[in-house]
Amino acid sequence: MSEELKIERATMPAGGWGSVSEVANILLDQHVPLKDARLLAHQNKPDGFACVGCAWAKPAHPHPFEFCESGAKATAWETTSKAIGADFFARHTVTALESWSDHALEDQGRLTVPLRWDAATDQYVEVSWDTAFAEIGAALRDCRRDGTVFYSSGRASLETSYLYQLLARMYGNNNLPDSSNMCHESTSVGLQKTIGVPVGTVTLDDFERTDCIFFFGQNVGVNSPRMLHQLQAARRRGVPIITFNPLRERGLVSFTNPQSPLEMLTRAETAISTQYHQLKAGGDTAALMGLCKAILAADDSARADGRPRVLDTAFLAEHTDGFGELEAAVRACPWADIERESGLTQAALEGAAAIYCRARAVMAVYGMGITQHRNGVQNVAMIVNLLLLRGNIGKPGAGVCPVRGHSNVQGQRTVGITEKPELAPLDRLKELYGFEPPREKGMNTVEACEGILAGRVQAFIGLGGNFVRAVPETALMEAAWRELPLTVQISTKLNRSHVIHGKASYVLPCLGRTEIDRQRGMPQAVTIEDSTACMHGSRGMAEPVAATLRSEPAIVAGIARATLPPNRLVDWDGWAADYASIRAAIAATWPDIFHGFEARMWQPGGFRRALPAAQRVWQTESGKAGFTVPEGLPGAPDMPADPGALTLFTIRSDGQFNTTIYSNDDRFRGVSGSRMVLFMAHADMARLALVAGDVVTLRAATQDDTERSVAGLAVVPYDIPVGCVAGYFPECNPLVPLWHHAKDSKVPAVKSVAVLVERSGL
Ligand SMILES: Nc1nc2c(c(=O)[nH]1)N[C@H]1C(S)=C(S)[C@@H](COP(=O)(O)OP(=O)(O)OC[C@H]3O[C@@H](n4cnc5c(=O)[nH]c(N)nc54)[C@H](O)[C@@H]3O)O[C@H]1N2
Ligand SMILES: Nc1nc2c(c(=O)[nH]1)N[C@H]1C(S)=C(S)[C@@H](COP(=O)(O)OP(=O)(O)OC[C@H]3O[C@@H](n4cnc5c(=O)[nH]c(N)nc54)[C@H](O)[C@@H]3O)O[C@H]1N2
Ligand SMILES: [Mo]
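Residues numbered from 1 in each chain as written. Chains lettered and ligands numbered in written order. Predicted model: local features only at pLDDT ≥ 70, side-chain atom pairs only at ≥ 80, totals over all residues. Heavy atoms only, no water.

Engineer: Quick one: what's the story with the sheet that holds strand β10 (residues 254–256), residue by residue and with numbers?
Structural biologist: In spatial order, the strands read β2-β10-β11; together these 3 strands make up an open sheet with mixed pairing. On the outer flanks of this sheet lie β2 (14–15) and β11 (270–271), each paired with one strand and no other. Pairing between β10 and β11: 2 bridges, direction antiparallel. Bridged to F255 within β11 is T270. (Pairing = 2+ DSSP bridges. Helix = DSSP H or I, 4+ residues; strand = E, 2+ residues; numbered from the N terminus.)

Now the structure itself:
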């Protein structure tokens, strides 16, 4: 890994030769055996394994290699032959490991043996699985039922997740926060309220039928690259793609398909976005108000000229509710406010709206740029407003497409991972398993952090993930994390949440999804749900990195058996021995979705759960799709309006998967050798008298009792709206106050944090 910061102009397309060489490098670097490198051919295939990277849809007729650079990296990172056992931990105290970088910790390779922290030596020592389960079970039985948190990170299969939610509920709480609470919870809340489903409505077929795509705050080239195939095909049909993003992300600018020999040899690039609007971070509600305003104006003039209406009035009358209120709010909203808050001109927004008005079927794709704001739920509702104006939900080629993060994050919610009791089938669980499920609301991620800070949480179980590194308010959280009586992490790799740990701490190493999972000698399969609500079977194909690993279902079952009183209706061991029996239990709990599960899980393209909104059936309070009047335009109304403050948004590079850092390089943004950088506009650099490479400290411009800062960031001049700066997640998490989260969904507002810049050493 290179160590010195280099800044270059990035001009290469997403995909292309750069992508091929990145894949080759990581396969070599991670010592992936040749036979396992061949696994890539089975990634996202009906007979293979579902990628452990992102959740993008897996087509029924896959490409010969249905994987991308990011997915190949995720697979290489998991199938690495690097591994660490008890001897590694005998050589390093946990305190010493704390000074290691996130990259260095995970780069040691796969965890192989169950570990318990030993206070006397400050080392993790090997324990047997039975001892670990027995001790964890005893400790959990001693905790307050509402003081234990069961976090999940979004990768574990439907089977594991089902067992996990049952464990929490039989234990006695709904404390089931998950990574989605930091991610698309704004979607789950916003779409449920407006169109009556918590997930997106589009399928891959819609990409073939759409005639316009609006793209908000999602970095497709890095975070869901397989979608570039759909976007490229749409562009070839002449479909306009209109992008709203403060940064000109390479994947949204141009793409060379690394799986097309012709394109690779000719270096042919497809331009992806036809319009690119570099709005201010947090400016989406304002931009969407502007789009609606321009569409209403177009409708006014069509009416005045006696031309056909621009609005789909029949759809509005039959299917929607609240149009009048939205219309009044849009008409009353001055262009000057829209321009100021979005950073875009009226003319630019009118130009985008004109394309919208001409299109028969429009889809809106979005990601974290929309959801991770104080007004994240409102942003989602504004996207719905835009689509509803011309009936763009529930018809072919149209709809809403939130791009999910972790490979099974959407599916975990489908099988009961939720802190909201009203979303879990509690009566059915009671009927099936003869226990009284807890009815009180549990903690989501922000509430779990609040509980940890207040000393109310006694035990934290992590099913994957790197909680303490992924959440905001790093300094306070790390300190409080150390005071937790018990932390248990079910993990594949060593990370910050292990080396910062509770008073009693266990690390339980599990199989990854790429590995063959044999139970009583029989290879098992699992299932996941993708971003388009399709369920897929997945079969691991690599030999496990160590024979001592246990599968996630087996670990959850092991903890459950050691913790809960026996229940003759719940056969944890039987479930762990045969995952088909877990699928039968899932099907018995949600027969509507999972009937015929065992047969349908191998259907090419997956089987889809019914989404009433896609059929224009609105399971909302009013029975209609609801328009929403925004409360205001600013993205971060809870942040102080310090005149000197800049708006920081935190982003991912192509060298990472969340807190997993593959390398310090971000080839699409021309930065290599260091992640401690701050992307800044030339005008802001000039105002602050900074030059490229100057090292600065950021301070959160908050007026509470907490000091929040990150030092040692090198300034990188960048094409970014004036007044905005960007830095990497998780390095910038210490700047985000815990209370700065989306209203209604509590997603940390990591895309708009007011910060002040200080030159280091002053
Ligand atoms: N390779 C790789 N793949 C991943 C991940 C990874 O870390 N690495 N993470 C996975 C996970 S869990 C998730 S949730 C997804 C995340 O995937 P994305 O949703 O793409 O997430 P980010 O990279 O955080 O940021 C998205 C984009 O939002 C833009 N943006 C920032 N602020 C705003 C704003 O106010 N408005 C608008 N319109 N845009 C804004 C940023 O410039 C950036 O391009 O990816 C998943 N896939
Ligand atoms: N500032 C800022 N903060 C953010 C974000 C942001 O954009 N900006 N994004 C947020 C988002 S969208 C998300 S999803 C969260 C991510 O938060 P998390 O999901 O908690 O974090 P990850 O980094 O994905 O977790 C990585 C760890 O998961 C473990 N792991 C990997 N594969 C497996 C597996 O198959 N099984 C098990 N049991 N463990 C496994 C490994 O030990 C690895 O170290 O972060 C959030 N935090
Ligand atoms: Mo995410």
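Engineer: Residues and numbers for the domain arrangement of the protein, please.
Structural biologist: Along its sequence, the protein is carved into domain 1 (6–78), domain 2 (83–179 + 409–589), domain 3 (185–403) and domain 4 (646–759). Summarising the inter-unit geometry, the C-alpha centres of domain 1 and domain 4 are found 28 Å apart. The interface of domain 1 with domain 4 comprises 18 residues on the first partner and 14 residues on the second. Here domain 1 meets domain 4 over a buried area of about 1200 Å², counting both sides, of which 56% is carbon and sulfur. (Domains from an automatic or database assignment. Contact = heavy atoms within 4.5 Å. Buried area = accessible area lost by both parts, 1.4 Å probe.)

Engineer: An account of the side chain of E106 is needed here, citing residue identities and associated values.
Structural biologist: By secondary structure assignment, the location of E106 is in helix α6 (residues 102–107). Despite its burial, E106 pairs with no opposite charge, the nearest such side chain being K493 at 4.8 Å. A polar atom in the side chain of E106 sits 2.8 Å from the side chain of T660. Not counting residues within four places of it along the chain, the set of residues in contact with E106 comprises W77, K493, L494, N495, T659 and T660. (Buried < 20%, exposed > 50% of the residue type's maximum accessible area, 1.4 Å probe, protein only. Lys, Arg positive; Asp, Glu negative; His and termini not counted. Salt bridge = Lys/Arg side-chain N within 4 Å of Asp/Glu carboxyl O. Polar contact = N/O pair within 3.5 Å; in protein donor to acceptor, adjacent residues only side chain to side chain.)

Engineer: Summarise the layout of surface pockets; cite the residues concerned and give the values.
Structural biologist: Taken as a whole, the largest pocket spans an internal volume of roughly 930 Å³. If you trace the largest pocket, you find 35 residues lining it, with Q192, P198, R413, L423 and R609 closest to the centre. When residues of the lining of the largest pocket are traced back to their parent elements, those giving at least two are α9 (185–195), α22 (409–414) and α31 (591–594). With 4 residues, α9 is the largest single contributor of residues to the lining of the largest pocket. Grouping the constituent residues of the lining of the largest pocket by class yields 13 nonpolar, 10 polar and 12 charged. Quantified by volume, the second largest pocket comes out at close to 480 Å³. (1 Å grid on protein atoms, 1.4 Å probe; cavity = no way out; pocket = protein on both sides within 12 Å on 5 of 7 lines; lining within 4 Å. Points joined across faces, edges and corners; volume = space filled by probe spheres on them. Nonpolar A, V, L, I, M, F, W, Y, C, P; charged D, E, K, R; others polar.)

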